[in-house]
Amino acid sequence: MRLSTVLGIVMITIFSYPLFANNLVVGSKSNRSFPSLHGGFIATWDGRVVIFPSHIKDSLYKWDTYALRYESIKTNHLGEPDLMDQKIFSPLVTLDGDFGFDSLKNKLNAQNRMHLAIAPDPAFTLNPYPSDSKGKQTNDLASPFKTYRLFIIGTVGSLKNYVPQRSIPAMLAQSTAEIIVKNIGTDSAEVVSAKILAEGLPVRNGQNTEPFFGFEPTLSNDGRLVLWGGHPINGGIHFIMYSFNPTPKNNLTWSKPRHLTEMYWAHGAGALTEPIIDGVKFSDRYPIAKKQLRDAYGNIFAADDGYPGAYPWLSLDNGDLFCSTVSTFFAARRAGFSVIGSLTNYASRHIDGAINIARANVTGRADVWESTSEGKSLSEKYNALIDENGKLYGFNAFQRIMISPLLQIPSMWTPFVDTDDKQVLPFTNKKNTFGLLMSHSNRYVEVSLPEAADNNFVLSLPMNEAIRFNRKYLHIIAKHQDIKDWDDSYNVATYDPESTPDVSGLFQTGKLSNGAEFPFEYHEAVKKWKSERVLTDRSIGIEGNSIYFKPKSSITIATNPESLDRIKQSKELNISFFLRNYQSLKGESVFLWDKFLFLQLNDNDFTVKNYKDNNWKTILQTPIVITKNKWHHFSVNLSLKNIAFYMDGIKIVSMTTEPVTPAASKHIWLGPFTSKSTSTSALYSLDQVSISRVQRTTKEIQDFALINNSIVQKKFDEVNEAQVRLGNKLFHDPILSKDKSISCATCHVPSNHFMDGKAVAIGIDGKLGTRNTPSLFNLKKISHFMWDGKVDSLEAQALLPIENSNEMNLPLAEAIDRLKEKYLEDFKEAFNQEPNTENLGLALKAFQLSIVAPETSIDSGVLTEEQIAGRGLFIGKARCISCHMGPNLSDQVFHNVGAKPKSLLTDYGRELITRRESDRFKFRTPSLRFINKTAPYFHDGRFSTLEEIIDFYNDGGDIRDSQNELQPLGLNQQEKIALIKFLESL
């Protein structure tokens, strides 16, 4: 099956190589950037079409567009995507331009246009929709043409119907547009038509009010929330402003401009009366408004503080805002790219990685400008920055300006549809990944925020700078539109070289002292520029920035009491970090949790000590080999009686220890603070330091080590016809049950789409199971088996029901004896050997792999008008696509959807396998193939109809808490019916 036309359905398949212990490459998938041909300003919500301003002359621009041919992106021998290949971009087509008010090429009737934001036109449920070459909608999903209908808010200097009465930088104007693309989702995609559909109208909050003035707007995906760079005294560019429109597309019903920091109080969860949108609270529709915003240290922004920034982009799920926060050497806020919102615990987070390769200011000033000789020299130096492979980062790579979002995974707008083939993008092996095209640097960058999806971290230090906001200057600038002193503006948001923030959500800021320094300070970037005109401003780490440690230097962390409490409750932990040494290490301290744990390094051994009976006792000491000037990853798993040590993703040793009990200590120190070295240079650097309240799996540790080991589509062994025939016989034969009363086919009934139609399975003697029987269609596309992911191979899963006391209740040894009596020749034909446990599983696997879902309406490519509307809801408002993606309509991930346990016999789901509280009530996403034929639904069969399921999701689940991944949908009755009709086509 190939759902190439169901927009937004994609396998979350991270770029990967086969994994072999002898050729692991540490750091091979760091958060790097890659140059691209165009610096995109904004992309459609599916990442397929990019629109950006092209310069005409003077201050005049046009808006050009192209189709991104994702399928044409190739990789080199290192697995890096080649985004300089012109084949991945279709020829440019002009959407609109500054050609004079009476020109046919100026449909917006605007002058001095620049930045623009787009959202799906709310008048269209399915967007883009299948169409003919002229944009007329059709029900034929196989049509080569797709039409995007856009709602646009752009920045312009003037409109034909409104000329400002005073000098202003720019104002916001809205319109609609249409872009028709041929062969979208293929390597021949191209834009065939692009046009503005309506004259531009000024964005206002009333007929007689001024338009909103400012720059760089960004829109929520429903077109009702706009954010931009502006000032509450209409004009200026210092702060992120917002406005909400209860009436979509009405240019006069926008709320008055407010600070982003006011949103929680004025419209969000803190408002006296929170707006309701289609039956959904404002803060559920726009999660960025659920909590008050904070800085990196956990301090709450007051409503009137304002949030300084420029070039904002609101994530496609409306939960997080990306923007530049720090002024560069020529005053504009084009450095310190940060994110704030639901994935950062509502704290401002300076992004570690290739997106922030430099601080972009070694002058200590903000009024140098590019037009000065020093500014020109600086630009040349910054543009010459190279990565660790000697490659240029790209022109203006030090500037963080506009971005085009191409990826947000997971997301209701997950882009890049279609096959189960290995995907080139995303290349970052982490959860909560955003793929962005950066302008003007012409780079593709991926930003990952995995901590939000994994609440097992009790400390996470990316080892980059915090952004420090000066409250004094914030209040001054917030109250005055025009600030003549550039230093005031510059000092609103600056880098903090004395701190490194904790992104675990516990706000345990690390304090640098005694010679622990970021590369900027260690390499004396300011001094070398002033004295020698040599530029040493750049991040140097395994992933983004890192910290250098001279002898006796340290980072001190005052832990949140909750950190130790969580570890005491879980009775286990993991410590992971990268280290690169520059000198010989002689028993150097690396990590000390006072009166608890002590980690030391020599050139040839690694030591872990536990504080017990008022003394440090060695619980592990193992030989290692460290290569000088190379990043190595170290990881320690520790429980009450066991310890395991990994280096570069490989388990070096695992052993039992004396009981280890965490002490009630507050402080953690990182660094060679016990060093006896007299050197004045750094002994080593540290990066990506973390403590978890759980022991990490080998795969997780290899993920931490940035090793290419992501789960890719499974490659199943070839099976022959004899194996399939044998598996078919065994599947239907009750010989595999204790009393020979039931077979696999008793629960997986072939005539009933391999389901039994019961809430939970029934085994021998009428024993009730605990979970619903899943269908067996398209198992080749499944990477985890069982509702809780107990096994990851089909042959292992096939054996479990045989021995399960509530199902077939037959010991495998006895089963093999029975098979030797009845199927000896069949096994010899299929496997050239007698029956055994291994080939029994392989035979059942072979037959089950042959079970392929028959074609349905979605496969034929022709849907009814109501199903087309339902498809639009599936990938949009109903958010089904967040989990039900890929050819098999399942992301193969485990989710907590807030389902209240049915009985006192609580099923804890994935937690039963991982023993992690964070996995409680998580179950694997089931396939939706033949969903209308495979009732009842959910792991416990609690729902009998699709109507019940949709009502459950529409309400946001039974339990509304931080662990529930749902949010209310606001579907009306007509939309529910349309969604059901589409589900019936699957």
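Residues numbered from 1 in each chain as written. Predicted model: local features only at pLDDT ≥ 70, side-chain atom pairs only at ≥ 80, totals over all residues. Heavy atoms only, no water.

**Points about the overall build of the protein chain**
Thought 1: A tally of helices and strands in the protein chain yields 20 helices and 46 strands.
Thought 2: Relative to the 2.2 N^0.38 estimate, which gives 30 Å for 986 residues, the radius of gyration of the protein chain is 29 Å and therefore close to what a compact globule would have.
Thought 3: Dimensions of the protein chain, computed from C-alpha atoms along their principal axes, come out at roughly 95 × 75 × 55 Å.
Thought 4: Classification of the 986 residues of the protein chain by burial places 61% in the buried group.
Thought 5: Considering only contacts in the protein chain between residues 6 or more positions apart, those separated by 24 or more positions represent 67%.
Thought 6: Accessible surface, the protein chain as shown: approximately 37,300 Å² in total, 50% of it carbon and sulfur.
Thought 7: Distance between charge centres in the protein chain, computed from 108 positive and 108 negative side chains, equals 3 Å. (Helix = DSSP H or I, 4+ residues; strand = E, 2+ residues; numbered from the N terminus. Rg over C-alpha atoms; globule rule 2.2 N^0.38 Å. Buried < 20%, exposed > 50% of the residue type's maximum accessible area, 1.4 Å probe, protein only. Contact = heavy atoms within 4.5 Å. Areas by Shrake-Rupley, 256 points an atom, 1.4 Å probe, with all protein chains shown as cover. Lys, Arg positive; Asp, Glu negative; His and termini not counted. Charge placed at Lys NZ, Arg CZ, Asp CG, Glu CD.)

**Digging into the environment of K195**
Thought 1: In this structure, K195 sits in strand β12 (residues 190-196).
Thought 2: A sequence separation of 641 residues divides K195 from N836, and the C-alpha atoms of the two residues are 67 Å apart.
Thought 3: Every residue in contact with K195, bar those within four places of it in the chain, is listed here: L95, A177 and E178.

**Here we look at the sheet that holds strand β25 (residues 433-438)**
Thought 1: Read across the sheet, four strands follow the order β1-β26-β25-β24 without closing on themselves; strand pairing throughout is antiparallel. Two strands in the sheet have a free side with no partner beyond their single neighbour: β1 (33-35) and β24 (403-409). This sheet shows a mean twist of 20 degrees between the axes of neighbouring strands, independent of strand direction.
Thought 2: As paired strands, β25 and strand β26 (residues 443-448) are joined by six bridges and run antiparallel to one another. Within β26, the position partnered with T433 by the bridge is S448. (Pairing = 2+ DSSP bridges. Axes fitted to C-alpha atoms, helices over the stretch in contact; angles between N-to-C directions.)

**Comments concerning the packing of helix α10 (residues 721-732) against helix α14 (residues 824-831)**
Thought 1: α14 packs onto α10 with a crossing angle of 145 degrees between their chain directions and a minimal axis gap of 8 Å. When you trace α10 past α14, the crossing you get is left-handed. For the pair formed by α10 and α14, the contact residues are A722, Q723, R725, L726, K729 and L730 on the first element and D826, F827, E829, A830 and F831 on the second.
Thought 2: Partitioned by chemical class, the residues of the contact of α10 with α14 number six nonpolar, one polar and four charged. (Left-handed = near helix turned anticlockwise from the far one by under 90°. Nonpolar A, V, L, I, M, F, W, Y, C, P; charged D, E, K, R; others polar.)

**Overview of the pairing of strand β11 (residues 171-182)**
Within a regular strand, the side chains alternate between the two sheet faces.
Thought 1: The element β11 is largely enclosed, with a buried count of 11 among its 12 residues.
Thought 2: For strand β9 (residues 145-156) and β11, the ladder comprises 12 bridges, and the chain directions are antiparallel. Pairing of V156 across the sheet is with M171, part of β11.
Thought 3: Bridge analysis of β11 against strand β13 (residues 201-202) gives two bridges, and the strand direction is antiparallel.

**A look at the environment of P561**
Thought 1: Note on placement: P561 falls in helix α8 (residues 561-570).
Thought 2: Residue classification places P561 among the exposed residues on the basis of a relative accessible area of 59%.
Thought 3: As for P561 and W63, which are separated by 498 residues in sequence, their C-alpha atoms are 53 Å apart.

**Things to note about the nonpolar core**
Thought 1: Counting residues in hydrophobic clusters, the biggest one holds 61 residues, and the most contacted among them are L225, L227, L260, M263, L321 and Y382.
Thought 2: When residues of this core are assigned to their parent elements, the largest contribution, five residues, is made by strand β16 (residues 239-244).
Thought 3: In terms of nonpolar packing, the next biggest core, distinct from the first, is built from 46 residues, F549, L579, I624 and Y684 among them. (Core = buried A, V, L, I, M, F, W, Y, C linked by side-chain atoms within 4.5 Å.)

**What about helix α17 (residues 865-875)?**
Two residues of an α-helix separated by three or four positions point the same way, owing to the 3.6 residues in each turn.
Thought 1: Counting buried residues along α17, eight of its 11 residues qualify, which places the element largely inside the surrounding structure.
Thought 2: The complete set of buried residues in α17 reads Q867, I868, G870, R871, G872, L873, F874 and I875.
Thought 3: Each element contacted by the buried residues of α17 is listed here: β8 (129-131) and α20 (973-983).

**Regarding the sheet that holds strand β3 (residues 49-57)**
Thought 1: Strand order in the open sheet formed by four strands is β2-β3-β4-β5, with antiparallel pairing between adjacent strands. Strands at the two margins of the open sheet, each flanked by one partner only, are β2 (42-43) and β5 (93-97).

**Some words on the side chain of T44**
Thought 1: With respect to the element layout, T44 can be found in the loop between β2 and β3.
Thought 2: A relative accessible area of 1% means that T44 is categorised as buried.
Thought 3: Not counting residues within four places of it along the chain, the set of residues in contact with T44 comprises V49, I118, Y148, L150 and P405.

**Here's the deal with empty space enclosed by the protein**
Thought 1: Per the counting criterion, the structure on display carries eight cavities of 30 Å³ or more.
Thought 2: If you add up the space inside the largest cavity, you get close to 150 Å³.
Thought 3: What lines the largest cavity is a set of 21 residues, and nearest its centre among them are I42, I118, L219, W313 and L316.
Thought 4: Breaking the lining of the largest cavity down by element, the ones donating at least two residues are β2, β7 (116-120), β14 (215-219), β20 (310-314) and β24.
Thought 5: Per element, the largest residue contribution to the lining of the largest cavity is four residues, and it comes from β7.
Thought 6: Here the residues of the lining of the largest cavity are counted per class, giving 17 nonpolar, four polar and no charged.
Thought 7: Of the pockets and cavities examined, the second largest cavity occupies roughly 110 Å³.
Thought 8: Every residue lining the second largest cavity is counted, 19 residues in all, and those nearest its centre are N356, A358, E465, S539 and N545.
Thought 9: Classifying every residue of the lining of the second largest cavity by side-chain character gives six nonpolar, seven polar and six charged. (1 Å grid on protein atoms, 1.4 Å probe; cavity = no way out; pocket = protein on both sides within 12 Å on 5 of 7 lines; lining within 4 Å. Points joined across faces, edges and corners; volume = space filled by probe spheres on them.)

**Things to note about the pattern of salt bridges**
Side chains carrying opposite charge are able to pair once their charged atoms draw close together.
Thought 1: Scanning the model with the defined rule gives 44 salt bridges in all.
Thought 2: Taking the shortest distance from any N to any O, the salt bridge between R224 and D278 comes out at 3.6 Å. Note that R224 is positioned in the loop between β14 and β15 (225-230) and D278 in the loop between β18 (276-277) and β19 (280-281), a separation of 54 residues in sequence.
Thought 3: The buried category is assigned to R224, whose relative accessible area is 12%. (Salt bridge = Lys/Arg side-chain N within 4 Å of Asp/Glu carboxyl O.)

**Section: a nonpolar patch on the surface**
Thought 1: Together, Y908, L912 and I913 line one region of the surface with nonpolar side chains, adding up to about 250 Å² of accessible area.
Thought 2: Within the secondary structure layout, I913 lies in helix α18 (residues 911-914).
Thought 3: Assessed through its relative accessible area of 31%, I913 is described here as partly exposed. (Patch = residues over 30% accessible without salt bridge, like charges linked within 9 Å, V, L, I, M, F, W, Y side chains within 5 Å.)

**Section: α20**
Thought 1: Buried within α20 we find E975, K976, A978, L979, I980, F982 and L983.
Thought 2: Between a side-chain oxygen at the N-terminus of α20 and the backbone nitrogen of Q974 the separation is 3.2 Å; the capping residue is N972. (Polar contact = N/O pair within 3.5 Å; in protein donor to acceptor, adjacent residues only side chain to side chain.)

**Considering unusual backbone geometry**
Most peptide bonds adopt trans geometry, and most residues besides glycine take a negative phi value.
Thought 1: Cis rather than trans, the peptide bond between L425 and P426 has omega equal to 0 degrees.
Thought 2: Structurally, P426 is set in the loop between β24 and β25.
Thought 3: A cis geometry characterises the amide bond from A935 onward to P936, with omega recorded as 0 degrees.
Thought 4: Here P936 lies in the loop between β46 (923-924) and α19 (946-954).
Thought 5: Although it is not a glycine, D278 adopts a positive phi angle of roughly 50 degrees.
Thought 6: Note on D278: relative accessible area 38%, which makes it partly exposed.
Thought 7: In this structure, K740 takes a positive phi of about 55 degrees despite not being glycine.

**Comments concerning the packing of aromatic side chains**
Thought 1: Throughout the structure, instances matching the rule amount to 44 aromatic pairs.
Thought 2: Ring geometry for W313 against F322: centres 5.5 Å apart, planes inclined by 35 degrees, an arrangement best described as tilted.
Thought 3: Owing to a relative accessible area of 0%, F322 belongs among the buried residues under this scheme.
Thought 4: Seen in terms of ring centroids, F731 and F754 are 6.4 Å apart; in terms of plane orientation they differ by 65 degrees. Their pairing is edge-to-face. (Phe/Tyr/Trp six-rings, centres within 6.5 Å; stacked < 30°, edge-to-face > 60°.)

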